[in-house]
Amino acid sequence: MVALGLLASGRFSLKPGPSMSAQRTVRRAISCAGIGLHSGRKVTLSLRPAPADFGIRFRRSDLGGVEVPAKAHHVGGINYATGLSRDAVRVDTVEHLLAALVSLGIDNATVELNSPEVPIMDGSAAPFVYLIQEAGVKRLDAPRSYLKVHRPISLTRGDKRIAIYPSDHFKVTYSIAFDHPLLRHQSRTIRLTADAFVDEIAPARTFTFLKEVEMLRQQGLALGGSLENAIVIGDTGVLNNALRFDDEFVRHKILDVIGDMALVGHPMIGHLVAHRGGHALHTAFAAHVLEERDAWTLVENTGDAATSDDTATVPVPGAAGAT
Ligand SMILES: [Zn+2]
């Protein structure tokens, strides 16, 4: 009876069925180096394979290998980026890497860092997409659980609002409004697949206002920031040569919310709608969703071809020598 119960729960099923998705990890370890946006410190990041049900965990090799799981209850310190902490050990600016991992279907991995902050790279998730593609993707013999939303969940703070509604797919609608002529209002809806993320969201860079840069630096933030890793918006235009998309700003907000909601610990099936959010609202919402246990169930069968293994397969380009 025990064995039957375990089989029924899916934990010991031999292989995920055709309508289910298998958990995944990276095929091999891979590294990159960069600097922390806020700390300005050099950092080496290594992405390593992990077994089924391990989740995503950050590991501080400079602190004896202490691990900080990428889970909502480890959120600690939101300073223009999302930080995690466990027993006074911190990992900062996790959101762009988490967005790439969850969007490319990596459920399990160790992210090893020799410094407290994930490298900012070019301010987008595109370098992390490249890293994952170079590592390759390995399917594990365990089914993936999706968090499927059955009734709306929402969180409002002042004029900032975020909610998730039942849907057959994972979709994100984001709208932003700033007191600046370049981005008074931008809004975009996207149905997330691996391909849509890679093409339309991952390349969007983080942005800041020139008038905020000095204030951030006085707070000891953005010490590694430059036009190489952030869009800087002046009074009349961007200081960078060009934008990657006309609405790169709202696309980056979608990237941020995908990364922050990865802290739920399961890919979600629902329509996420956010207005004027930021990391504090996103991460509070990730924790709130987990508390609203009667609003969702964990399912292994999405009933949606677009989230099956076949359509979300990550292309693995020929080895280009990245390490
Ligand atoms: Zn960001």
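Residues numbered from 1 in each chain as written. Predicted model: local features only at pLDDT ≥ 70, side-chain atom pairs only at ≥ 80, totals over all residues. Heavy atoms only, no water.

Asker: Looking at this structure, how should I read the packing of aromatic side chains?
Answerer: To describe a pair of aromatic rings, you give the distance between the ring centres and the angle between the ring planes. Enumeration according to the criterion identifies three aromatic pairs in this entry. Between phenylalanine 178 and phenylalanine 209 the ring centres are 5.4 Å apart and the planes differ by 55 degrees, which places this aromatic pair in the tilted class. Highlighted residues: phenylalanine 178 in the loop between strand 14 (170-176) and strand 15 (186-191) and phenylalanine 209 in strand 16 (residues 207-209), separated in sequence by 31 residues. Judged by its relative accessible area of 8%, phenylalanine 209 falls in the buried class. Residue placement shows arginine 57 over the ring face of phenylalanine 54; its charged tip is 3.7 Å from the ring centre. Over the ring of phenylalanine 245 we find arginine 251, and its NZ or CZ is 3.9 Å from the ring centre. (Phe/Tyr/Trp six-rings, centres within 6.5 Å; stacked < 30°, edge-to-face > 60°. Helix = DSSP H or I, 4+ residues; strand = E, 2+ residues; numbered from the N terminus. Buried < 20%, exposed > 50% of the residue type's maximum accessible area, 1.4 Å probe, protein only. Lys NZ or Arg CZ within 6 Å of the ring centre and 35° of its normal.)

Asker: Help me understand the nonpolar core, please; the structure alone is not making it clear to me.
Answerer: In terms of nonpolar packing, the biggest core is built from 74 residues, with Phe58 and Phe197 touching the most fellow members. Here this core takes seven residues from helix 6 (residues 248-261), the largest share from any one element. Look past the residues within four positions of phenylalanine 58 in its chain and what remains in contact with it is Val66, Glu67, Val68, Ala70, Leu84, Val91, Val94, Leu97, Leu98, Val111, Leu113 and Val118. (Core = buried A, V, L, I, M, F, W, Y, C linked by side-chain atoms within 4.5 Å. Contact = heavy atoms within 4.5 Å.)

Asker: In this structure, what is going on with the layout of surface pockets? I would like to understand it.
Answerer: A probe as big as a water molecule, rolled over the atoms, marks out the empty space that is left. One number sums up the size of the second largest pocket: a volume of about 820 Å³. Breaking the lining of the second largest pocket down by element, the ones donating at least two residues are helix 2 (95-103), strand 16, helix 5 (210-218), helix 6 and helix 7 (279-291). A total of four residues in the lining of the second largest pocket trace back to one element, the largest contributor, which is helix 5. By residue class, the composition of the lining of the second largest pocket is 16 nonpolar, twelve polar and seven charged. (1 Å grid on protein atoms, 1.4 Å probe; cavity = no way out; pocket = protein on both sides within 12 Å on 5 of 7 lines; lining within 4 Å. Points joined across faces, edges and corners; volume = space filled by probe spheres on them. Nonpolar A, V, L, I, M, F, W, Y, C, P; charged D, E, K, R; others polar.)

Asker: Would you explain the coordination of the zinc ion in this entry?
Answerer: Note on metal geometry: ideal angles are 109.5 degrees for four donors arranged tetrahedrally and 90 or 180 degrees for six donors arranged octahedrally. Looking at the zinc ion, one finds its protein donor set to be His96 (NE2), His252 (NE2) and Asp256 (OD), positioned 2.0 to 2.1 Å from the metal centre. Site description for the zinc ion: donor spacing in sequence, H-x155-H-x3-D. Highlighted residues: histidine 96 in helix 2 and histidine 252 in helix 6, separated in sequence by 156 residues. Here histidine 96 and histidine 252 have matching classes, each one buried. (Donors = N, O, S within 2.8 Å, 3.2 Å for Na, K, Ca; no water.)

Asker: How should the side chain of threonine 208 be read in this particular structure?
Answerer: Within the element layout of this structure, threonine 208 appears in strand 16. Look at threonine 208 and you get buried, because its relative accessible area is 13%. Apart from the residues within four sequence positions on either side, threonine 208 is in contact with Val213, Leu216, Ile231, Val232 and Ile233.

Asker: What is the right way to look at the packing of helix 4 (residues 194-201) against helix 6 in this model?
Answerer: Each packed pair of helices is defined by two parameters, the angle between the axes and the distance between the axes. Between helix 4 and helix 6, the least distance of the axes is 10 Å, while the angle of their chain directions is 135 degrees. Considered as vectors, helix 4 and helix 6 are oriented oblique to each other. Facing helix 4, whose interface residues are Phe197, Glu200 and Ile201, helix 6 presents Arg251, Ile254, Leu255 and Ile258. Of the residues in the contact of helix 4 with helix 6, the class split is five nonpolar, no polar and two charged. (Axes fitted to C-alpha atoms, helices over the stretch in contact; angles between N-to-C directions. Parallel < 35°, antiparallel > 145°, perpendicular 65-115°, else oblique.)

Asker: Is there a simple way to think about the pattern of salt bridges in this case?
Answerer: Any two side chains of opposite charge can pair, on the condition that their charged atoms come close. Under the definition given, this model contains 15 salt bridges. The shortest N-O distance in the salt bridge between glutamate 112 and arginine 59 comes to 2.7 Å. Pair noted here: glutamate 112 is in strand 9 (residues 109-113) and arginine 59 is in strand 4 (residues 56-60), with a separation of 53 residues, a long-range link. Accessibility expressed as a relative area gives 27% for arginine 59, which makes it partly exposed. One salt bridge in this structure joins aspartate 62 and arginine 60, with 2.8 Å as the shortest N-O distance. Connected through salt bridges with shared partners, the residues Arg188, Glu200, Asp247 and Arg251 form a single ionic network. (Salt bridge = Lys/Arg side-chain N within 4 Å of Asp/Glu carboxyl O.)

Asker: Got a minute to help me understand the sheet that holds strand 7 (residues 82-86) in this structure?
Answerer: Whenever strands of a sheet pair, they do so through backbone hydrogen bonds, lying parallel or antiparallel. The three strands lie next to each other as 6-7-8, forming an open sheet whose pairing is antiparallel. Edge positions in the sheet fall to strand 6 (75-78) and strand 8 (89-91), since each has one partner strand and no second. Strand-to-strand, the axes of this sheet are offset by a mean angle of 35 degrees, without reference to chain direction. Summarising the sheet, strand 6 and strand 7 pair through two bridges and their orientation is antiparallel. Among the inter-strand pairings, valine 75 is bridged to a residue of strand 7, identified as leucine 84. (Pairing = 2+ DSSP bridges.)

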